[in-house]
Amino acid sequence: AGRSEPRPPRAPPGPSCPPAPGPAAAARTLRAGAAMQEPLLGAEGPDYDTFPEKSSPSPGERTRGGAPQNRRVFLATFAAVLGNLSFGYALVYTSPVIPALEHSLDPDLILTKTQASWFGSVFTLGAAAGGLSAMVLNDLLGRKLSIMFSAVPSAAGYALMAGAHGFWMLLLGRTLTGFAGGLTAACIPVYVSEIATPGVRGALGATPQLMAVFGSLFLYALGLLLPWRWLAVAGEGPVLVMVLLLSFMPNSPRFLLSRGRDAEALRALAWLRGTDTDIRWEFEQIQDNVRRQSTHMSWAEARSPHMYRPILIALLMRFLQQLMGITPILVYLQPIFESTAVLLPPKDDAAIVGAVRLFSVLIAALTMDLAGRKVLLFVSATIMFAANLTLGLYVHFGPKPLTPNSTVGLESVPLGGTEQPLATPSSYLTLVPLVATMLFITGYAMGWGPITWLLMSEILPLQARGVASGLCVLVSWLTAFALTKSFLLVVNAFGLHVPFFFFAAVCLASLVFTGCCVPETKGRSLEQIESFFRTGRRSFLH
């Protein structure tokens, strides 16, 4: 009888009531409930995070929580992309070596035009084989072990070239380093995209291309100082450091979950995100996605639009990327400069282009998550079109070098049957090849170079990611081989201007392809991207 009447259930508790949650806790509860009801693809706004550690943190909280969270991801990424540094180094190894071998004192190592063509292009055949093996190794060994395995053929290839006493040793060494490059090209982007958070995945997605560019610049710089055999010896260093660092890094949590190693996947994710981060939501999201795709892709599933559309987009992007001419231009960069009238020594020109390429990729890494992927692809293709057109016009109508100093006979007669004026060393017109090449490299490195790798790892469905990434690399390097092998043949038959005009036409085609087929993935998780291809919801693209 002495008890007071209880409060009505609908009346809110007073502020002095102990059991009542505080305002911050109540807000978190309401926001968490709303987030659980909101579909992933329906979320809008630049600050959207698929796996928030806490609801709507302030900018200061984000900075304090994000730094340690991403620091370990950065470390693991750096360890992996050392393989790309070795790849970039090996790709342009022929640029200073072909001229040196043409004047070799060893008759067994003097290169003819045909041998120089094979020495430059066989790397791409090895890379195609590496991409093919990645279709199996990526899902059999996992991303990390596949990257580490690439050190075996890479080290063997550099050793063969360093001690070469015949042309066959050069070819075999070049093929082995190409195989390692193709394997890492398929595995590293997938590994990086699977360990990164959505907020930094764009920047980290540019690091494979960034390190490949740094490797090329490293080669160009050493080429000014070291003989060609010691260049091969120096290539062993990044490979050994990569294996050492990767030994302490975790495997991809998505791969571990796909193999039923849930406890190991949880430990890997906890290490990558930091001990103070709540990883439950992210782990459950990945776990659900992996569970839905726990079986291998069948032919019936491969015919489904949500499977073949992203794979086809990735394949066409890699195909167009190579048709723009990046590989033959990098492989024959110094001989190209020696076949045109240039103001500076060809070796210096090649090193300058390497430095510009590195700077351009840094720009792409910083702007990829701000400007978006498609905007950079548009800008990139436009710049490359202008550069290729300029190079073609200069070679066709511009001055010729005073002496035929081409090391591989890129051109031996005046183009088009007309006598172009001879250039004097002080003519500023002879800066055009260097400036146009720098422009081409800038355009490629800020868009179609890194973004193609990033989009491949982002849009491929998890169920087919290992196989499809290997297939993309296979197509890419088979195309690169065809271009690199035929480049010298076309130049000798029709002139150096013809390939550049062809590359310019491909750049125009890539603008149409980007506008029609490429989705914008900025700020989206891998699960969101995959869900878009399943549902086709246009709101994802806005």
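Residues numbered from 1 in each chain as written. Predicted model: local features only at pLDDT ≥ 70, side-chain atom pairs only at ≥ 80, totals over all residues. Heavy atoms only, no water.

An unreviewed UniProt entry lists the chain under the name Solute carrier family 2, facilitated glucose transporter member 6, with Gulo gulo as the source organism. The heading Subcellular location (unreviewed entry) in the UniProt record of the chain holds the text "Lysosome membrane". (UniProt positions renumbered as here; feature names shortened; annotations may be inferred.)

Here the focus is the overall build of the chain. For the chain, the helix and strand inventory stands at 25 helices and 0 strands. Across the 542 residues in the chain, those meeting the buried criterion constitute 56%. Excluding contacts between residues fewer than 6 apart, the proportion of contacts in the chain whose partners are at least 24 apart in sequence is 83%. For the chain, the computed accessible surface area is about 22,800 Å², with 68% contributed by carbon and sulfur atoms. (Helix = DSSP H or I, 4+ residues; strand = E, 2+ residues; numbered from the N terminus. Buried < 20%, exposed > 50% of the residue type's maximum accessible area, 1.4 Å probe, protein only. Contact = heavy atoms within 4.5 Å. Areas by Shrake-Rupley, 256 points an atom, 1.4 Å probe, with all protein chains shown as cover.)

Moving on, we get to the pattern of salt bridges. Taken as a whole and judged by the stated rule, the model has 3 salt bridges. The residue Glu264 makes a salt bridge to Arg261 at a minimum N-O spacing of 3.0 Å. For Arg261, a relative accessible area of 35% gives the class partly exposed. (Salt bridge = Lys/Arg side-chain N within 4 Å of Asp/Glu carboxyl O.)

Right, let's talk about a nonpolar patch on the surface for a bit. On the surface, a nonpolar cluster with roughly 530 Å² of combined accessible area is contributed by Val136, Leu140, Leu141, Leu145, Phe149 and Val152. Among the secondary structure elements, Phe149 is positioned in helix 5 (residues 143-149). (Patch = residues over 30% accessible without salt bridge, like charges linked within 9 Å, V, L, I, M, F, W, Y side chains within 5 Å.)

With that settled, the discussion passes to helix 24 (residues 497-517). Spanning 21 residues, helix 24 covers 31 Å between terminal C-alpha atoms, matching the ideal 30 Å at 1.5 Å per step. Among the residues of helix 24, those classed as buried are His497, Pro499, Phe500, Phe503, Ala504, Val506, Cys507, Ser510, Phe513 and Thr514. (Expected span 1.5 Å × (residues − 1).)

A few words on the side chain of Ser86. With respect to the element layout, Ser86 can be found in helix 2 (residues 59-91). In this structure Ser86 comes out as buried when scored by relative accessible area, which is 7%. Those residues in contact with Ser86, other than ones at most four positions away along the chain, are Ser154, Tyr158, Gly235 and Val239.

The subject of this paragraph is the packing of aromatic side chains. Given two aromatic rings, one states the distance between the centres and the angle between the planes to describe the pair. Applying the stated rule across the entire model yields 8 aromatic pairs. Their ring planes at 75° and their centres at 6.1 Å tell us that Tyr89 and Tyr158 sit as a pair that is edge-to-face. Within this pair, whereas Tyr89 is found in helix 2, its partner Tyr158 is found in helix 6 (residues 151-162), the two being separated by 69 residues in sequence. There is no split in this pair, since Tyr89 and Tyr158 are both buried. Plain terms: the ring middles of Phe500 and Phe503 are 6.3 Å apart, the flat faces sit at 85° to each other, and that makes the pair edge-to-face. Remark: Phe503 and Phe500 occur in helix 24; sequence separation between them is 3 residues, near one turn of the helix. For the residue pair Phe500 and Phe503, the accessibility class agrees, reading buried in each case. (Phe/Tyr/Trp six-rings, centres within 6.5 Å; stacked < 30°, edge-to-face > 60°.)

What follows covers the environment of Thr114. Tracing the chain through its elements places Thr114 in helix 4 (residues 113-140). What makes Thr114 exposed here is its relative accessible area of 52%. The sequence separation of Thr114 and Leu488 amounts to 374 residues, and the corresponding C-alpha distance is 8.9 Å.

Nonpolar side chains in soluble globular proteins tend to end up buried together. Residues Tyr93, Phe119, Leu170, Trp448 and Trp477 are the most contacted members of the largest nonpolar core, which totals 120 residues. When neighbours within four sequence positions are excluded, Leu170 is seen to be in contact with Leu101, Leu109, Phe119, Met161, Ala164 and Trp228. One finds Leu269, Ile279, Phe283 and Val290 within the second-largest nonpolar core, a separate group that totals 10 residues. (Core = buried A, V, L, I, M, F, W, Y, C linked by side-chain atoms within 4.5 Å.)

Attention now moves to the packing of helix 20 (residues 373-397) against helix 22 (residues 450-459). Viewed as axis vectors pointing N to C, helix 20 and helix 22 meet at an angle of 145°, and their least axial separation amounts to 11 Å. Pair helix 20 / helix 22 crosses with left-handed handedness. Only Ile451, Leu454, Leu455 and Glu458 of helix 22 make contact with helix 20, whose side of the interface consists of Arg373, Leu376 and Leu377. Residues that form the contact of helix 20 with helix 22 fall into these classes: 5 nonpolar, no polar and 2 charged. (Axes fitted to C-alpha atoms, helices over the stretch in contact; angles between N-to-C directions. Left-handed = near helix turned anticlockwise from the far one by under 90°. Nonpolar A, V, L, I, M, F, W, Y, C, P; charged D, E, K, R; others polar.)

So, on to the confidence of the model for the chain. Confidence in the prediction of the chain, expressed as mean pLDDT, is 75, and 74% of residues score 70 or more. Scored below 50 in pLDDT, residues 1-21 shows 1 contact in the model against residues more than four places distant or in partner chains. Low confidence marks residues 538-542, where pLDDT is under 50. Its contacts with residues over four positions away, or in another chain, come to 13 contacts. (pLDDT = per-residue confidence, 0-100.)

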